[in-house]
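Single-letter residue listing:
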Amino acid sequence: GNSNHPLKRINQEIYKYGINRHREIEDLKKLEAFRREFLADVSHELKTPVFAAQGFVHTLLDGAIDDKKIRKKFLKRAAKSLDNLDSLIQDLLTLSQIETGEIKMHFEHFNIVSIAEEVIDQMESKAEDKNLTVRFDSAYETPIFVHADADRIYRVLTNLVSNAIKYTLEGGVQIGFEVKSEKVLVYVKDTGVGIPPEHLTRIFERFFRVEKSRSKEMGGTGLGLAIVKHILEAHNTKVSVISTVGKGSTFSFKLPIGQSAEEMEEELEEER
Ligand code: ADP
């Protein structure tokens with residue numbers, strides 16, 4: 001019939017080509033819009049601490065410096081704003097390096113229990129300031145070996161535990177593991193303020209905060225969970241969260257089980 005007519009087929013090809021070009025252009029437009037929005041967000045976020053520090057310094061120069069008490073107070077606040085600015089720039093760099101693949105992942109076999117122990121040690125004083133505890137969910141007598149990038153997983157745990165402390169008013173934070181055949185589930189559980197269900201997917205977006213002012217006051221950059229998400233994506237895994245407002249949240253992710261140094265040695269022996 002008619003549908004095999006060469007001219008008609010050529011017309012169909014041209015039509016398909018047109019649609020594909022149209023899609024490509026739409027994708028480019030979306031990417032461009034995203035880029036523009038991201039730049040606007042970053043500029044806005046950078047402005048906040050700069051504006052604050054500027055305010056304190058100029059007020060000091062305008063005469064407040066003569067008052068000994070005010071001088072110290074304002075200098076402290078300016079320093080805090082500059083510290084926030086520093087964390088923000090650090091986090092932005094980390095995020096862009098992970099995204100562009102600039103940081104190579106270093107996969108190795110390591111004991112995640114001892115990494116978690118280091119995180120607990122590092123975070124303890126922060127928790128004690130708020131009368132909170134940070135500990136293991138239960139005693140992990142034997143090491144749990146995983147195959148992953150140890151430094152990045154350390155970062156993931158630090159971000160999750162630091163959030164758990166930030167958004168918890170009483171009780172504490174627990175790190176735990178569940179070993180299931182080839183994988184281990186790692187979780188960070190808190191007894192904190194929780195996250196409303198409508199925000200659960202959005203918290204991993206850059207600069208998204210459930211309560212903008214409160215989170216900022218606590219020194220958050222709004223990038224912590226975006227970094228967590230990206231690091232875990234680079235491990236071909238993802239982060240999950242369950243949360244109840246007023247009760248607390250649990251963040252978890254899976255990692256492949258690795259081998260201990262002895263096991264790897266044994267395997268080599270067998271191959272010989
Ligand atoms: P921030 O620097 O603001 O903490 P994050 O990307 O780490 O940024 O987290 C994004 C938002 O998700 C936070 O502002 C907070 O509203 C919410 N959030 C993250 N972790 C928790 C938690 N453990 N409990 C309650 N809310 C949390």
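Residues numbered from 1 in each chain as written. Predicted model: local features only at pLDDT ≥ 70, side-chain atom pairs only at ≥ 80, totals over all residues. Heavy atoms only, no water.

**With respect to the overall build of the protein chain**
Okay, step 1: Broken down by element type, the protein chain carries seven helices and seven strands.
Okay, step 2: Starting at the N terminus and walking to the C terminus, you meet the elements of the protein chain as α-α-β-α-β-β-α-β-β-α-α-β-β-α.
Okay, step 3: Here the C-alpha radius of gyration of the protein chain, 25 Å, is well above what a compact globule of 272 residues would show, namely 19 Å.
Okay, step 4: Taken along its principal axes, the extent of the C-alpha atoms in the protein chain is 95 × 65 × 40 Å.
Okay, step 5: Out of the 272 residues belonging to the protein chain, those deemed buried represent 36%.
Okay, step 6: Expressed as a percentage of contacts within the protein chain between residues at least 6 apart in sequence, the contacts between residues at least 24 apart total 72%.
Okay, step 7: If you sum the accessible surface of the protein chain, you get close to 17,500 Å²; carbon and sulfur atoms cover 53% of it. (Helix = DSSP H or I, 4+ residues; strand = E, 2+ residues; numbered from the N terminus. Rg over C-alpha atoms; globule rule 2.2 N^0.38 Å. Buried < 20%, exposed > 50% of the residue type's maximum accessible area, 1.4 Å probe, protein only. Contact = heavy atoms within 4.5 Å. Areas by Shrake-Rupley, 256 points an atom, 1.4 Å probe, with all protein chains shown as cover.)

**Focus on the pattern of salt bridges**
A side chain of one charge can pair with a side chain of the opposite charge when the charged atoms of the two come close.
Okay, step 1: Counted by the stated rule, this structure contains 12 salt bridges.
Okay, step 2: The shortest N-O distance in the salt bridge between Glu32 and Arg36 comes to 3.9 Å. One end of the pair is Glu32 and the other is Arg36, both in helix H1 (residues 6-61) and four residues apart, which spans about a single turn.
Okay, step 3: Owing to a relative accessible area of 34%, Glu32 belongs among the partly exposed residues under this scheme.
Okay, step 4: Its salt-bridge partner being Arg152, residue Asp149 comes within 3.9 Å of it at the nearest N-O pair. Each of the two residues, Asp149 as well as Arg152, counts as buried. (Salt bridge = Lys/Arg side-chain N within 4 Å of Asp/Glu carboxyl O.)

**Topic: unusual backbone geometry**
Okay, step 1: At Asn131, a position not held by glycine, the phi torsion is positive, near 65°.
Okay, step 2: Secondary-structure assignment places Asn131 in the loop between helix H3 (112-129) and strand S2 (133-136).
Okay, step 3: Not every positive phi belongs to a glycine, and Ser181 is a case in point at roughly 40°.
Okay, step 4: Among the secondary structure elements, Ser181 is positioned in the loop between strand S4 (172-180) and strand S5 (183-190).
Okay, step 5: Looking at Ser181, the relative accessible area reads 69%, which means it is exposed.

**So, the confidence of the model for the protein chain**
Close reading of the predicted structure is inappropriate where its pLDDT is low.
Okay, step 1: Here the protein chain averages 92 in pLDDT, while 97% of its residues score no lower than 70.
Okay, step 2: The complex prediction reports pTM at 0.84, with the ipTM value standing at 0.98. (pLDDT = per-residue confidence, 0-100.)

**Quick word on a negative patch on the surface**
Okay, step 1: On the surface, a cluster of negative charge is made up of Glu262, Glu263, Glu265, Glu266, Glu267, Glu270 and Glu271.
Okay, step 2: Mapped onto the elements of the fold, Glu266 is located in helix H7 (residues 261-271). (Patch = residues over 30% accessible without salt bridge, like charges linked within 9 Å, V, L, I, M, F, W, Y side chains within 5 Å. Lys, Arg positive; Asp, Glu negative; His and termini not counted. Charge placed at Lys NZ, Arg CZ, Asp CG, Glu CD.)

**Considerations on the packing of aromatic side chains**
Okay, step 1: Per the stated rule, a full pass over the model turns up six aromatic pairs.
Okay, step 2: Here the aromatic residues Phe136, Tyr140 and Phe177 are joined through ring pairs into a cluster of three or more. (Phe/Tyr/Trp six-rings, centres within 6.5 Å; stacked < 30°, edge-to-face > 60°.)

**Section: the nonpolar core**
Okay, step 1: If you look at the biggest cluster of nonpolar residues, it comprises 55 residues, and the most contacted ones within it are Ile112, Val161, Phe177 and Phe251.
Okay, step 2: In contact with Phe251, not counting residues within four places along its chain, are Leu160, Val186, Tyr187, Val188, Ile195, Ile203, Phe204, Leu225, Val239, Ser240 and Val241. (Core = buried A, V, L, I, M, F, W, Y, C linked by side-chain atoms within 4.5 Å.)

**Structural notes on the site of the ligand**
Okay, step 1: What surrounds the ligand is a group of 21 residues, the closest being Asn163, Tyr167, Asp190, Gly222 and Leu225.
Okay, step 2: In this structure, Tyr167 approaches the ligand through a side-chain N or O atom, which is 2.8 Å from an oxygen atom.
Okay, step 3: For the ligand, the protein covers 97% of the area, taking 530 Å² as the surface of the free molecule.
Okay, step 4: Elements with a contribution of two residues or more to the shell around the ligand: helix H4 (150-166), helix H6 (224-234) and strand S7 (248-256).
Okay, step 5: Here the shell around the ligand gets three residues from one element, more than from any other, and that element is H4.
Okay, step 6: Class assignment for the residues of the shell around the ligand results in 10 nonpolar, eight polar and three charged. (Near = heavy atom within 4 Å. Polar contact = N/O pair within 3.5 Å; in protein donor to acceptor, adjacent residues only side chain to side chain. Nonpolar A, V, L, I, M, F, W, Y, C, P; charged D, E, K, R; others polar.)

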